[in-house]
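Understanding the architecture of this molecule
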Amino acid sequence: MAPLRVLCVHGYRQNSASFREKTGALRKLLKKQVELVFVTAPHRVHGARAGDPLRESVPSSSCETEEEEDDVRGWWFSDTQARSFSAQQACEESSGLDESVAAVREAVESQGPFDGVLGFSQGAALVAMLCSLQEQKLEPLFHFRFAVLVAGFRSACAAHQRFYSATIRMPSLHVFGQEDRVIPEAMSRDLLPTFLDPQVLTHAGGHFVPAASAHRQTYQDFLRRCAAS
């Protein structure tokens, strides 16, 4: 059986190259089942530095270049004046989301089709919105059959609440760490009711994409069910 093609959506203050490096263990774990394709957010985050404690990632890989560390991106900004983002920041309006949906649409059109979509942190929050747009038939190019959301959460922006009004029926796997200090477990659990029959994988660690051998069976079983459906 051909590997499932999965579009990967990085976290805030990452990019496609850095996220690819940080999911190396996952790619190795699932290399026979999935092909991961990475997309970069359209919005450059200014004032971000390597080692920034707000960066949504595990410690930098030695494979990352200085240029990749400097070119950090985001999918939308909760503070429209400062052009910054915090998952806990409540706001009436955000900026940048429409351009990010368009960037995903372009990736689907130029590099697709994709069987599924995977997101991390702010990227996982975006994935939930993409799935909602597909569920509501507002994005005719989106035909994702499943979603994997790692450290996902509901956006605190009032303008985004429309994405949580309809139940998303596609199969979903929600992955989060019990020691995550960036996106606490409670925030990830708050997203679960948006999906019909969500599957959950918890791990004892923090804010990263887990890919230990103990997690292989859960990932593989979920992907097998999605491939068969």
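Residues numbered from 1 in each chain as written. Predicted model: local features only at pLDDT ≥ 70, side-chain atom pairs only at ≥ 80, totals over all residues. Heavy atoms only, no water.

Turning to the packing of helix α4 (residues 97–111) against helix α5 (residues 122–135), a few remarks are in order. To describe two helices that pack against each other, one gives the angle between their axes and the distance between the axes. Closest axis-to-axis distance for the α4/α5 pair is 11 Å, and the angle between their directions is 75°. It follows from the interaxial angle that α4 and α5 lie roughly perpendicular. Here L97, V101 and V104 of α4 come into contact with α5, specifically with L126, M129, L130 and L133. Of the residues belonging to the contact of α4 with α5, the class tally is 7 nonpolar, no polar and no charged. (Axes fitted to C-alpha atoms, helices over the stretch in contact; angles between N-to-C directions. Helix = DSSP H or I, 4+ residues; strand = E, 2+ residues; numbered from the N terminus. Parallel < 35°, antiparallel > 145°, perpendicular 65-115°, else oblique. Contact = heavy atoms within 4.5 Å. Nonpolar A, V, L, I, M, F, W, Y, C, P; charged D, E, K, R; others polar.)

Turning our eyes to something else, we now look at α5. For α5, spanning 14 residues, the distance from its first C-alpha to its last is 20 Å, which sits close to the expected 20 Å at 1.5 Å a residue. Judged by how many residues are buried, α5 sits mostly within the fold: 14 of 14 residues are covered. A positive backbone phi angle near 60° is found at K137, which sits one or two residues after α5. (Expected span 1.5 Å × (residues − 1). Buried < 20%, exposed > 50% of the residue type's maximum accessible area, 1.4 Å probe, protein only.)

Among the 6 residues that make up strand β2 (residues 34–39), 5 are buried, leaving the element largely enclosed by the rest of the structure. Pairing of strand β1 (residues 4–9) with β2 involves 6 bridges; the strand directions are parallel. For L4, the partnering residue across the bridge sits in β2 and is V34. (Pairing = 2+ DSSP bridges.)

Turning our attention to the pattern of salt bridges. If you walk through the whole model with that rule in mind, you get 9 salt bridges. The partner of R105 in a salt bridge is E139, with the nearest N and O atoms 2.8 Å apart. Linking R105 in helix α4 with E139 in the loop between α5 and β6 (146–150), this pair joins segments that are 34 residues apart in sequence. Residue E139 is classed as buried on the basis of its relative accessible area, which comes to 11%. Notably, a salt bridge pairs D221 with R224, separated by 3.1 Å at the nearest N-O pair. (Salt bridge = Lys/Arg side-chain N within 4 Å of Asp/Glu carboxyl O.)

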